[in-house]
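Here are the chains, one letter per residue:
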Amino acid sequence: MILAFEVMDKEPSLLTVWGAALARGVIGFAAARFRRWLVVPALGIVAIAAWIQLGKLADPLLGPGIMQEAGRSYLIQSCAAAALAAILPVLGLLPRKGAA
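Residues numbered from 1 in each chain as written. Predicted model: local features only at pLDDT ≥ 70, side-chain atom pairs only at ≥ 80, totals over all residues. Heavy atoms only, no water.

Visitor: What is the right way to look at the environment of M67 in this model?
Guide: With respect to the helices and strands, M67 occurs in helix α3 (residues 62–70). Residues M67 and V7 lie 60 residues apart in sequence; the distance between their C-alpha atoms is 9.8 Å. Those residues in contact with M67, other than ones at most four positions away along the chain, are R72 and L75. (Helix = DSSP H or I, 4+ residues; strand = E, 2+ residues; numbered from the N terminus. Contact = heavy atoms within 4.5 Å.)

Put into structure tokens, the structure is as follows:
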């Protein structure tokens, strides 16, 4: 007898993954513009969130079930969302246009 477990009902949808990553990225961007040193805690929060999200996908028990139910695109888009969340705060460190 083979047991099939539903794993995607416990995982966030791609819309939620992208929305949360965009929110973390934009908040990190604004924080880096406000005070340059705030990029460090912003990137820390992004790293912890990415570790949690991508850790589930790399788990030897959950990962294959997620890949089977959601497909490879879920993995690719989760990684892309984590990358966006990490890039936006770093872009906030760039000098403003016209600033001397």
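Visitor: Explanation requested: the pattern of salt bridges in the structure shown.
Guide: A side chain of one charge can pair with a side chain of the opposite charge if their charged atoms are brought near each other. Tallied over the entire structure, the rule returns 1 salt bridge. In this structure, D9 and K10 form a salt bridge, with 3.3 Å as the shortest nitrogen-oxygen distance. By relative accessible area, D9 is classed as exposed at 57%. According to the relative accessible area criterion, K10 is exposed, its value standing at 60%. (Salt bridge = Lys/Arg side-chain N within 4 Å of Asp/Glu carboxyl O. Buried < 20%, exposed > 50% of the residue type's maximum accessible area, 1.4 Å probe, protein only.)

Visitor: Just checking my understanding: could you explain helix α4 (residues 72–91) for this structure?
Guide: Owing to its 3.6 residues per turn, the α-helix aligns residues three or four sequence positions apart on the same side. The end-to-end C-alpha separation of α4 is 29 Å, in line with the 28 Å expected for 20 residues at 1.5 Å each. Taken as a whole, α4 has its buried residues at Y74, S78, A81, A82, A85, L88 and P89. Each buried residue of α4 sits inside an arc of 130° when the element is viewed along its axis, so together they form one side. Looking at the packing, one finds that the buried side of α4 touches α1 (14–34), α2 (39–58) and α3. (Expected span 1.5 Å × (residues − 1). Arc of directions from axis to C-beta.)

Visitor: Can you walk me through the packing of α3 against α4 in this structure?
Guide: For any two helices packed against each other, one specifies the inter-axial angle together with the distance between the axes. At their nearest, the axes of α3 and α4 sit 6 Å apart, and the two run at 110° to each other. As judged from the angle between their axes, α3 and α4 are roughly perpendicular. Contacts between α3 and α4 involve I66, M67 and A70 on the former and, on the latter, R72, S73, Y74 and L75. (Axes fitted to C-alpha atoms, helices over the stretch in contact; angles between N-to-C directions. Parallel < 35°, antiparallel > 145°, perpendicular 65-115°, else oblique.)

Visitor: In this structure, what is going on with the nonpolar core? I would like to understand it.
Guide: The tendency in soluble globular proteins is for nonpolar side chains to be buried side by side. Counting 10 residues, the largest nonpolar core consists of V7, M8, V17, A21, V46, L57, I66, Y74, A81 and A85. Sorting the residues of this core by element identifies α1, α2 and α4 as the ones contributing at least two each. The dominant element in this core, judged by the number of residues it contributes, is α4, at 3 residues. Once you skip the residues sitting within four places of it in the chain, A81 turns out to touch V17, W18 and A21. (Core = buried A, V, L, I, M, F, W, Y, C linked by side-chain atoms within 4.5 Å.)

Visitor: For this particular structure, what's the right way to read the side chain of E11?
Guide: Structurally, E11 is set in the segment before α1. For the buried E11, which has no salt bridge, the nearest side chain bearing the opposite charge is K56, at an N-O separation of 4.0 Å. Beyond its immediate chain neighbours, meaning those up to four positions away, E11 contacts K56, I66 and Y74. (Lys, Arg positive; Asp, Glu negative; His and termini not counted.)

Visitor: Hey, could you run me through the environment of L43 in this one?
Guide: Mapping L43 onto the fold places it in helix α2. For the pair formed by L43 and T16, sequence separation is 27 residues and the distance between their alpha carbons is 19 Å. Every residue in contact with L43, bar those within four places of it in the chain, is listed here: A86, P89 and V90.

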